[in-house]
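Spelled out from the first residue to the last, the chains are:
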Amino acid sequence: RYVLKPASATTRDTTLLNPKARKGILRDSAIVTATFFTHNFMRMVEESFHLAQLGHTDRWQPVISAVSGLWSAWDANALVVGEHVAWWISLGVVVAFLPYFPYSKHIHLFIVPFNFGLKPERKSIGQLSYINLDDQSIERFGAARMKDLGWEQIMDSYACIQCFRCQDACPAYNTGKILSPAALEINKRYHLKDGTTDVPMLDLISEEAVWACTSCGACVDICPVGNEPMRDILDIRRNLTLMESNFPKQLETAFKGMERNQNPWNVSQGDRMKWAEGMNVPTIEQNGEPEILWWVGCAPATDARAQKTARAFAKILNTAGVNYAVLGQNEACTGDSARRAGREDIFFGLASQNVEILNEVAPKRIVTTCPHCLHTIKNEYPAFGGNYQVIHHTQLINELVGSGKISMNLDGDNMKVTFHDPCYLGRHNKITDPPRNDLKSAGMEVVEMPRSGAKSFCCGAGGAQMWKEEEAGSGRVNEARFSEAKATGADTVAVGCPFCMSMMTDASKADGNPMQVKDVAELVAERLK
Ligand code: SF4
Ligand code: SF4
């Protein structure tokens, strides 16, 4: 670390990191190493004096026994003095270290158990805290200054061991953006050392970095001490958008779409069932007692490419004879993108409206064709009074295969597929096996990318990135992920999310279309008997 200076043990110069931290992290490590080395070394020396006084060696302590030979010419008094001096030095370095301890990163030794034990319970790592926008007494939203963060977010910085693992996992940092979740935690800690929390959050992380986050949750998932830097970033976004009306202007189109037409594509609600024309897809008005309520999602309902997924899934449901219904024009965007961009007001309106409709329908189970919808309805609507059993379409396909309601033609093409786990499916909701099982049931060979399952690498669309350009960096997140998929040698990238579909398709096009990109539902529907 001191000689080779690996890039993974620090952050790039372009990333905002407190100047004291650039040297302080190494100094902290050096001091603790020197302290414990000296302590242990002097304990050995002390023991060697002790053995020399006894006049024999100890076969269980070969090194100390060898060292004790050095004192063979010393008289008894000198050996006693030597033993005492070594003992006092070994104890003294530890005592001398104690006042420094609370100011060093090693305070984490005491804080980490509290960080794990006292962290609020969450349904998933990405579940955001509820804000009641009907409460007129709330004067401030999100975090403008460090003192606006919750106590658990402040505690994160004391728990941080400054290991940079979160930075290594961050798709934004990995593609050369100036965002580093580790730097954010470290900057918080260095300002706390100065004894104040009255510091603007934008002194701890740059505005550009705030908007580079994809809310993929990799930093939260990988942190060995349970820190949640993503939560700070989303709190800053809440403050910027709600208090300052300050957000990337490209997001305006999606915001307007959600406000006017209840979907970020800004497609008229009247056209929401167009994707199903010519197919038998019952709405809740036509089938009031469905076993499954299919939450189609804005993308599968309105985006031309994602509509193919919706049609494929409808074909699967119809073939299996599932008793299902869709909300049709009563379905609105869940508000996920608005919420991750800080527009809690839009999210609040959409969530309240959706929960009211869903509670009226009282679905037995909900299946979604989008992991973002799944995440929001399952984990964030309970705060609005909506508690539902929600599954992903790949899980339902799994059930249908298991119960023999669908079967696939296996005289196939021996297609080799790699599955790209969507962050909001694999990492945020721990659903990783069903999509793979679906593909295997359809006779495909599934090969894995180095980062898969809950450790998957983001496609770059989450956290409202879908609706804006990426911040400047050395590459694009979707292209970085696509190159991993291509390196597997598979013919096809299978996805389970319309956002991933869009990002992987763009990356494949940019690379000359070496692989096809298809949703699991499409691949299964193509092989239905
Ligand atoms: S949520 Fe993802 S993109 Fe955002 S800081 Fe964490 S790792 Fe980086
Ligand atoms: S992974 Fe956790 S402990 Fe390590 S630098 Fe990031 S926040 Fe700190």
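Just above, that's the structure.
The structure contained in this document is the topic of the report that follows. (Residues numbered from 1 in each chain as written. Chains lettered and ligands numbered in written order. Predicted model: local features only at pLDDT ≥ 70, side-chain atom pairs only at ≥ 80, totals over all residues. Heavy atoms only, no water.)

Most peptide bonds adopt trans geometry, and most residues besides glycine take a negative phi value. Notably, Ser215 is not glycine yet its phi reads approximately 55°, a positive angle. One can find Ser215 in the loop between helix H9 (207-210) and helix H10 (218-222). For Ser215, a relative accessible area of 0% corresponds to the buried category. (Helix = DSSP H or I, 4+ residues; strand = E, 2+ residues; numbered from the N terminus. Buried < 20%, exposed > 50% of the residue type's maximum accessible area, 1.4 Å probe, protein only.)

A few words now on the packing of aromatic side chains. Centre-to-centre distance and the angle between the planes together describe a pair of aromatic rings. This model, assessed by the stated rule, comprises 22 aromatic pairs. Aromatic side chains Trp275 and Trp294 sit 5.3 Å apart centroid to centroid with 70° between the ring planes, which places their arrangement in the edge-to-face category. Taken as a pair, Trp275 in the loop between helix H12 (251-260) and strand E1 (292-295) and Trp294 in strand E1 lie far apart in primary sequence, 19 residues in all. Using a relative accessible area of 1% as the deciding quantity, one classes Trp275 as buried. Every member of this aromatic cluster is reached through a ring pair, and the members are Phe36, Phe97, Tyr100, Phe101 and Phe110. Positioned above the aromatic ring of Tyr190, the side-chain terminus of Lys193 is 4.2 Å from the ring centre. (Phe/Tyr/Trp six-rings, centres within 6.5 Å; stacked < 30°, edge-to-face > 60°. Lys NZ or Arg CZ within 6 Å of the ring centre and 35° of its normal.)

Attention now moves to helix H14 (residues 304-320). In a regular helix each residue adds 1.5 Å, so 17 residues correspond to 24 Å; H14 covers 25 Å between its end C-alpha atoms and thus fits that length. Turning to H14, its buried residues are Ala306, Gln307, Thr309, Ala310, Ala312, Phe313, Ala314, Ile316, Leu317 and Ala320. Backbone geometry just after H14 places Gly321 at a positive phi near 70°. (Expected span 1.5 Å × (residues − 1).)

Moving on, we get to the site of ligand 1. Neighbouring residues of ligand 1: 13 residues in total, closest Cys170, Cys213, Thr214, Cys216 and Cys219. Going through the elements one at a time, H10 and helix H11 (229-244) are the ones with two or more residues in the shell around ligand 1. (Near = heavy atom within 4 Å.)

With that settled, the discussion passes to empty space enclosed by the protein. With the rule as written, the count across this model stands at eight cavities of 30 Å³ or more. Within this model, the largest cavity holds a volume of roughly 110 Å³. Lining the largest cavity are 14 residues, and of these Cys298, Cys333, Cys370, Cys373 and Phe499 lie nearest its centre. Sorting the residues of the lining of the largest cavity by element identifies helix H13 (298-302), helix H15 (336-340) and helix H17 (371-380) as the ones contributing at least two each. Looking at which element gives the most residues to the lining of the largest cavity, the answer is H13, with three residues. Here the residues of the lining of the largest cavity are counted per class, giving nine nonpolar, four polar and one charged. (1 Å grid on protein atoms, 1.4 Å probe; cavity = no way out; pocket = protein on both sides within 12 Å on 5 of 7 lines; lining within 4 Å. Points joined across faces, edges and corners; volume = space filled by probe spheres on them. Nonpolar A, V, L, I, M, F, W, Y, C, P; charged D, E, K, R; others polar.)

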